Amino acid sequence: MTANLWDRAGRWLAFRIEAEKAHGLAIAALKTGSLKPRHPIEDDRLRATVAGLEFPNPIGVAAGFDKNAEVYGPLLKLGFGFTEVGTLTPQPQQGNPKPRVFRLPTDYGVINRLGFNNDGHDAAIERMMQTPSAGIVGVNIGANKDSDDRIADYARGVEKFASLASYLTVNISSPNTPGLRDLQTRHQLAELLDRVVQAMQQQPRQVPIFLKIAPDVTEDDLDDICAEVLAQKIDGMIVSNTTLSRSGLAADIGEAGGLSGRPVFDRSTIMLAKVRQRVGATLALIGVGGVDDTSTALTKLQAGADLVQLYTGMIYQGPHVAQSINRGLVKALDTLGLASIAALRDRAVDEWANRVLPD
């Protein structure tokens, strides 16, 4: 289905269904093969070596879509270079009361307050052991809402998934678990990262660790976060999760939760560039927030990202958005005469870092 057909037919049909139910139908369609794979855009210039991993292209699926490690294989066959399952918590949890996902079609955005709803570690481990992946699959780990020791929950996630994941993401950026973002403060972050690194060092198989942060941290907090990431020798950062800001919305529906999609693009890209300035050229960065076409993906790369993830963009642009973006990236490389996707990185870091964050 082309993007135009998706706009006219697929999205019209999907949007007649309540948002969380539509997501469930998408998972079912991927499981049953109703969403047919497309021939991937194959071009060696799209390949990227990041945190020691070889990515066939830089476009990935962000955590939140495949919460329970059910469809990572079919997602990769849609043309994505990698995907990230979760967020997974040690114990299963229902998340927040429904309804908890709200589309903003005028703004090409989504508000969610899901609250880490997932089947827990053991269910995901069983699925991943039964269905080994032929591609790069990260695992996003979190803490249970009622946990007595949230930092221990993250260490447990490392212990459980280091043998199965291509990389692990420590997610302390969701606004929908009360108190979770407090782990971004320097003292708690230092303890968290120390425990996570120690847990990884004890595993027979070592995989990269990424830290996922919110787009709403202050400049001072960002200084502290980046300093701790560098001090603990974390492999990379994912910038960023959803925002609590409602700046610039054409249709604020008054629902609580994290805002994703186009409305968060500027904020998340500014934060990405500010992180790149602070961590230097070596640390791996994944840019997330508002990516839904080649132009936005290019901007993330130029603002400092090595790789790009999306989720809301797939809701509005359809299941073959990665194929469309990668085709556009190849054209951009042709136009600019560049030999690799890595050559696009950092061309606009200072420009984006100097912009003022939206209110």
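Presented here is a report on the structure given in the accompanying data block. Everything numeric here is computed off the predicted structure, so don't read it as measured data.

**Notes on the overall build of the protein chain**
And step 1. What the protein chain contains, in helices and strands, is 12 helices and 13 strands.
And step 2. The C-alpha atoms of the protein chain give a radius of gyration of 19 Å, which matches the 21 Å a tight globule of 359 residues would have.
And step 3. Across its three principal axes, the protein chain shows a C-alpha extent of roughly 50 × 45 × 40 Å.
And step 4. Here the protein chain holds 359 residues, and 58% of them are scored as buried.

**Concerning the sheet that holds strand 6 (residues 109–112)**
And step 1. Spatially, 5-6-11 is the arrangement adopted by the 3 strands of the open sheet, whose pairing is antiparallel. The open sheet has two free edges, formed respectively by strand 5 (101–104) and strand 11 (258–261), since each of these has just one partner strand. Averaged over all pairs of adjacent strands, the angle between their axes in this sheet comes to 25°, without regard to strand direction.

**Quick notes on the pairing of strand 4 (residues 82–88)**
And step 1. Taken across its 7 residues, strand 4 has 7 buried, putting it largely inside the fold.
And step 2. Note that strand 3 (residues 59–61) and strand 4 share 2 bridges and pair parallel. Within strand 4, the residue paired with G60 across the bridge is F82.
And step 3. One crossover worth recording links strand 3 to the parallel strand 4 by way of helix 3 (residues 72–77), and it is right-handed.
And step 4. In terms of strand pairing, strand 4 meets strand 7 (residues 136–141) through 5 bridges, oriented parallel.

**Digging into helix 6 (residues 186–201)**
And step 1. Between its first and last C-alpha atoms helix 6 spans 22 Å; for 16 residues at 1.5 Å apiece the expected length is 22 Å, and the two agree.
And step 2. Those residues of helix 6 lying buried are L189, L192, L193, V196, V197, A199 and M200. Taken around the axis of helix 6, the buried residues stretch over an arc of 160°, which confines them to a single face. Structural note: helix 6 exposes H187 and Q201 on the side pointing more than 90 degrees away from its buried face.
And step 3. Where helix 6 is buried, its residues meet helix 5 (150–161), strand 8 (167–171), strand 9 (209–213) and helix 7 (219–231).

**Observations concerning the environment of I253**
And step 1. As for its position among the elements, I253 is in the loop between strand 10 (236–239) and strand 11.
And step 2. Taking the C-alpha atoms as reference points, I253 and L104, separated by 149 residues in sequence, lie 8.0 Å from one another.
And step 3. The residues contacting I253, other than those within four sequence positions of it, are F102, R103, L104 and I111.

**Overview of the sheet that holds strand 10**
And step 1. Judged by pairing direction, the barrel is parallel, and its 8 strands sit side by side in the order 3-4-7-8-9-10-12-13 before closing back on the first. Strand-to-strand twist in this sheet, taken as the mean axis angle between neighbours without regard to direction, amounts to 25°.
And step 2. Pairing analysis gives 4 bridges linking strand 10 to strand 12 (residues 284–288), with the strands arranged parallel. Looking across to strand 12, one finds that M237 is bridged to L285.
And step 3. Set on the sheet, helix 6 makes contact with strand 8 and strand 9; between it and strand 9 the angle comes to about 155°.
And step 4. This element, helix 7, spans strand 9 and strand 10 of the sheet and lies at about 175° to strand 9.

Cut-offs and rules
Residues numbered from 1 in each chain as written. Predicted model: local features only at pLDDT ≥ 70, side-chain atom pairs only at ≥ 80, totals over all residues. Heavy atoms only, no water. Helix = DSSP H or I, 4+ residues; strand = E, 2+ residues; numbered from the N terminus. Rg over C-alpha atoms; globule rule 2.2 N^0.38 Å. Buried < 20%, exposed > 50% of the residue type's maximum accessible area, 1.4 Å probe, protein only. Pairing = 2+ DSSP bridges. Axes fitted to C-alpha atoms, helices over the stretch in contact; angles between N-to-C directions. Right-handed = clockwise from strand over helix to strand, strands pointing away. Expected span 1.5 Å × (residues − 1). Arc of directions from axis to C-beta. Contact = heavy atoms within 4.5 Å.

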